[in-house]
Amino acid sequence: MNHQELAELLFPHIHKTRDDYDRIYPPRALKEGAMVTRLGPSPTGFIHLGNLYGAFVDERLATQSGGIFYLRIEDTDDKRQVEGAVEVIINSLRFFDIQFTEGATLEGSVGDYGPYYQSQRAEIYQCYVKELVAKGLAYPCFLTEEEITAIREQQELTKENPGIYGKWAANRNLSPEQAAQWIEQGKPYVIRLKSQGKADASPEDVTMIQVEDGIRGTLEMPENIQDVVILKANGIPTYHFAHVVDDYLMRTTHVVRGAEWLSSLPVHIELFRLLEFPIPVYCHTAQLMKLDDSGNKRKLSKRLDPELSLDYYRNEGYHPKAVREYLLTVLNSNFEEWRIANPDLPMEEFPFSIEKMSSSGALFDLNKLQDISKDVLLRIPASELVDFMKGWSAEFRPEILSLFEGREDYLARILDLGRSGDKPRKDLINASQIFQFIRYFYEDYFQIEDPAPDNVTTPDQIHILEAYLATYDHQDDQSVWFDKIRAIAEESGYAAKPKDYKKNPDLYKGHVGDVSTVIRIAVMGRSQSPDVWEIQQILGEETTRGRIRSRLDWLKS
RNA sequence: GGCUCCAUGGUCAAGCGGUCAAGACACCGCCCUUUCACGGCGGUAACCCGGGUUCGAUUCCCGGUGGAGUCACCA
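**Examining the overall build of chain A**
When its secondary structure is counted, chain A shows 23 helices and 16 strands. For 557 residues, the compact-globule formula gives about 24 Å, and the C-alpha radius of gyration of chain A, at 33 Å, lies well above that figure. Each principal axis of the C-alpha atoms in chain A carries an extent, and together these give about 110 × 50 × 45 Å. Every one of the 557 residues in chain A was classed for burial, and the buried ones make up 51%. Accessible surface, chain A as shown: approximately 26500 Å² in total, 50% of it carbon and sulfur.

Right, dumping it as structure tokens:
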């Protein structure tokens, strides 16, 4: 019996050959330089910032070059499967405006290079495994779990590198007859790669391989010697094998993935070479890091860090555009510069490049996100922000949705407060912060939050508010209105101008700022806020007077 | 532990043999100002260490240190 016959025995149901698949999945007819990228999440139901980060790179690269960006579901491990996970992935990415041109979608698969679920591609993988077995480049391995554990323990004892390779790979030189016999006896097995690497090389003459990485330049690492499992006992391939076959057949040009894959790169390279597939351009992105409590950098972790979850941003109400811009600043070091030069261009016009990506891990910086978010929100019209606030509250704060619904114009005026002119306010960050920031506009959420200034006595407060109420005319324009405040200040013993007070602090009880703070607290409940006059115009005369009256009642009691 | 990746201010980062070592965020001060925000001006603050190579190293090489990743029939 030879390898060819063993392959036939192993895969009697596989009749297609690589030529058939090359015909079914021909090279893509794309223009020169078009990139084909993909996102290959495993459907665990958890999608995080790292996924979005990678997806964003894929999407930029593909759309910028007029290529294809497709979604492939890597569901080769049934233990990780979670119901509805694919929907979660697609919806989350769609929320952040990541769109696929091909692959798995909510409406089913789109494109000619499917199926896009790895679990449906078993026959395809097996065709190539069969070929490898026939060539003697892969073999059935009958090692049991216990035997493998024993090998590892032995290796630990003698401090040798762990794994099934070289002399440890007990079945790599099994005769086809013996293999056939065990198969017929029903012994369980997996298919392992028969690595062509020099397993017994001394440390000095280990063969090194060189790989060009789009982000990191030339990578040099030892060749693979491990007889890795390529087909599991259930006939489904491992990631390594599925990756190589799929990215070849789907004609992926650029494989963007996290740096955690770097160490298995030699395995992939060997597989590409043995299968005689062209090697795609690998782009290993840096990991997103975080500072832990002891001050060390570490990879963001799903369990420890809520900000890793995409849900965190949606929950807090960060605008998708803000998250995208933040990601872009982390991704491409020259983006900030470009943004300063082109404040009004859509970020899609920024020429994204792989070369400008950093190879060291970026620390997640919430401050930066907030700063960017302020600028991004400023460029979004109030009407759009209104819709955004409604969408956010409908999903995460249904109890406040009714505040906005039916009163969209009111909200729009609030959100636009102080945003016009050449020095617009930039204090809107995310939906939950916005609500906190503006809630005094809504009766149910209005309350006195801050104490009056220390230098203003209660009788003075009463006097100020009574005078204010008496002279208040809702029709006054801003300067008339403020002149009245100055007048009240003066006749109450407060300087009409802060500078006067600074010059002669002994002559006054305070200055006009203290007077307006008293009013501010009565009307807004807080000592700090945007312009009082504008706020009152939005609140309306009745509400304004009502709040001052009830403040007076309270002060007097 | 083996292997791999990474290393410029608190954070993100320009730099790619000769610079007073950019810029952004954060922080501090001043100005503007009825508060806050915005804006303007200014400030504190960095090339991990040790060897080489070189007339000259942040930059190139080697070693160390530190951080990270990875060593599954998980991806």
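We are not done yet, so read on.
**Considering the packing of helix α8 (residues 239–249) against helix α9 (residues 265–274)**
Between two packed helices, both the angle of their axes relative to each other and the distance between the axes serve to describe the pair. Here α8 crosses α9 at 50°, and the two axes come no closer than 10 Å. Viewed along their axes, α8 and α9 adopt a mutual orientation that is oblique. In the packing of α8 onto α9, the handedness of the crossing is right-handed. In contact with Tyr239, His240, Phe241, His243 and Val244 of α8, α9 contributes Val267, His268, Leu271 and Phe272. Grouping the constituent residues of the contact of α8 with α9 by class yields 6 nonpolar, 3 polar and no charged.

**Some thoughts on the pattern of salt bridges**
Under the definition given, this model contains 33 salt bridges. For Arg397, the salt bridge is made with Glu399, and the minimal N-O distance between the two is 2.9 Å. When its relative accessible area of 24% is taken as the criterion, Arg397 is described as partly exposed. The class for Glu399 is partly exposed, based on a relative accessible area of 47%. A salt bridge links Arg439 to Glu449; the shortest N-O distance between them is 3.3 Å. Of this pair, Arg439 sits in the loop between α17 (431–438) and α18 (458–471) while Glu449 sits in the loop between α17 and α18; the two residues are 10 residues apart in sequence, bridging distant segments of the chain. Given the relative accessible area of 14%, Arg439 is considered buried. One network of salt bridges, in which partners are shared, links Arg38, Arg72, Glu74, Arg121, Asp246 and Asp247.

**Some words on the pairing of strand β5 (residues 138–141)**
Across the two faces of β5 the burial is the same, with Ala138 and Pro140 and Tyr139 and Cys141 all buried. Across 4 bridges, the pairing between β5 and strand β6 (residues 190–193) is antiparallel. Its bridge partner being in β6, Pro140 is matched across the sheet by Ile191.

**Remarks on the protein's contact with RNA strand B**
Taken together, 56 residues lie around RNA strand B, and Arg216, Lys232, Arg425, Ser516 and Ser529 are the ones closest in. The sugar-phosphate portion of RNA strand B accounts for 72% of its atoms within 4 Å of the protein, the bases making up the rest. Within the contact set of RNA strand B, a phosphate oxygen lies 2.9 Å away from a side-chain nitrogen or oxygen of Lys426. Between a base oxygen of RNA strand B and a side-chain N or O atom of Ser516, the distance comes to 2.7 Å.

**Focus: the confidence of the model for chain A**
Put simply, chain A has an average pLDDT of 91, and 96% of its residues get 70 or more. Here the prediction assigns the complex a pTM of 0.89, and the interface score ipTM is 0.90.

**Things to note about the side chain of Arg38**
By the element assignment, Arg38 lies in strand β1 (residues 36–39). What makes Arg38 buried here is its relative accessible area of 4%. A polar contact is formed between the side chain of Arg38 and the side chain of Asp247, at a distance of 2.5 Å.

**With respect to the sheet that holds strand β9 (residues 229–231)**
Reading across from one edge, β5-β6-β9 is the order of the 3 strands in this open sheet, with antiparallel pairing throughout. In this open sheet, the two edge strands, each paired with only one partner strand, are β5 and β9. The average angle at which neighbouring strand axes cross in this sheet is 45°, direction not considered. When β6 meets β9, the two strands line up antiparallel, connected through 2 bridges. From the neighbouring strand, Ile191 faces β9, where its bridge partner is Leu231.

**Observations concerning unusual backbone geometry**
For the bond running from Gly114 to Pro115, omega is 0°, close enough to zero to count as cis. With respect to the element layout, Pro115 can be found in the loop between β4 (108–110) and α5 (122–134). The backbone of Asp97 shows a phi angle near 70°, a positive value even though the residue is not glycine. With respect to the helices and strands, the residue Asp97 is situated in the loop between α4 (85–95) and β3 (102–105). Judged by its relative accessible area of 39%, Asp97 falls in the partly exposed class. Unusually for a residue other than glycine, Arg251 sits at a positive phi of about 60°.

**Quick word on the domain arrangement of chain A**
According to the domain assignment, chain A contains domain 1 (124–284), domain 2 (294–354 + 364–379), domain 3 (382–441) and domain 4 (458–556). The distance between the C-alpha centroids of domain 1 and domain 4 comes to 77 Å.

**Concerning the nonpolar core**
Within the largest apolar cluster, 103 residues are counted, with the highest numbers of intra-cluster contacts made by Leu49, Leu52, Leu93, Phe441, Tyr442 and Ile519. Ranked by residue count, the leading element in this core is helix α3 (residues 49–65), at 8 residues. Not counting the four nearest positions on each side in its chain, Ile519 is found in contact with Ile464, Leu465, Tyr468, Ile485, Val532 and Gln536. Counting 52 residues, the second largest nonpolar core, distinct from the first, contains Tyr125, Cys127, Val245 and Met250.

Analysis parameters
Residues numbered from 1 in each chain as written. Chains lettered and ligands numbered in written order. Predicted model: local features only at pLDDT ≥ 70, side-chain atom pairs only at ≥ 80, totals over all residues. Heavy atoms only, no water. Helix = DSSP H or I, 4+ residues; strand = E, 2+ residues; numbered from the N terminus. Rg over C-alpha atoms; globule rule 2.2 N^0.38 Å. Buried < 20%, exposed > 50% of the residue type's maximum accessible area, 1.4 Å probe, protein only. Areas by Shrake-Rupley, 256 points an atom, 1.4 Å probe, with all protein chains shown as cover. Axes fitted to C-alpha atoms, helices over the stretch in contact; angles between N-to-C directions. Parallel < 35°, antiparallel > 145°, perpendicular 65-115°, else oblique. Left-handed = near helix turned anticlockwise from the far one by under 90°. Contact = heavy atoms within 4.5 Å. Nonpolar A, V, L, I, M, F, W, Y, C, P; charged D, E, K, R; others polar. Salt bridge = Lys/Arg side-chain N within 4 Å of Asp/Glu carboxyl O. Pairing = 2+ DSSP bridges. Near = heavy atom within 4 Å. Polar contact = N/O pair within 3.5 Å; in protein donor to acceptor, adjacent residues only side chain to side chain. pLDDT = per-residue confidence, 0-100. Domains from an automatic or database assignment. Core = buried A, V, L, I, M, F, W, Y, C linked by side-chain atoms within 4.5 Å.

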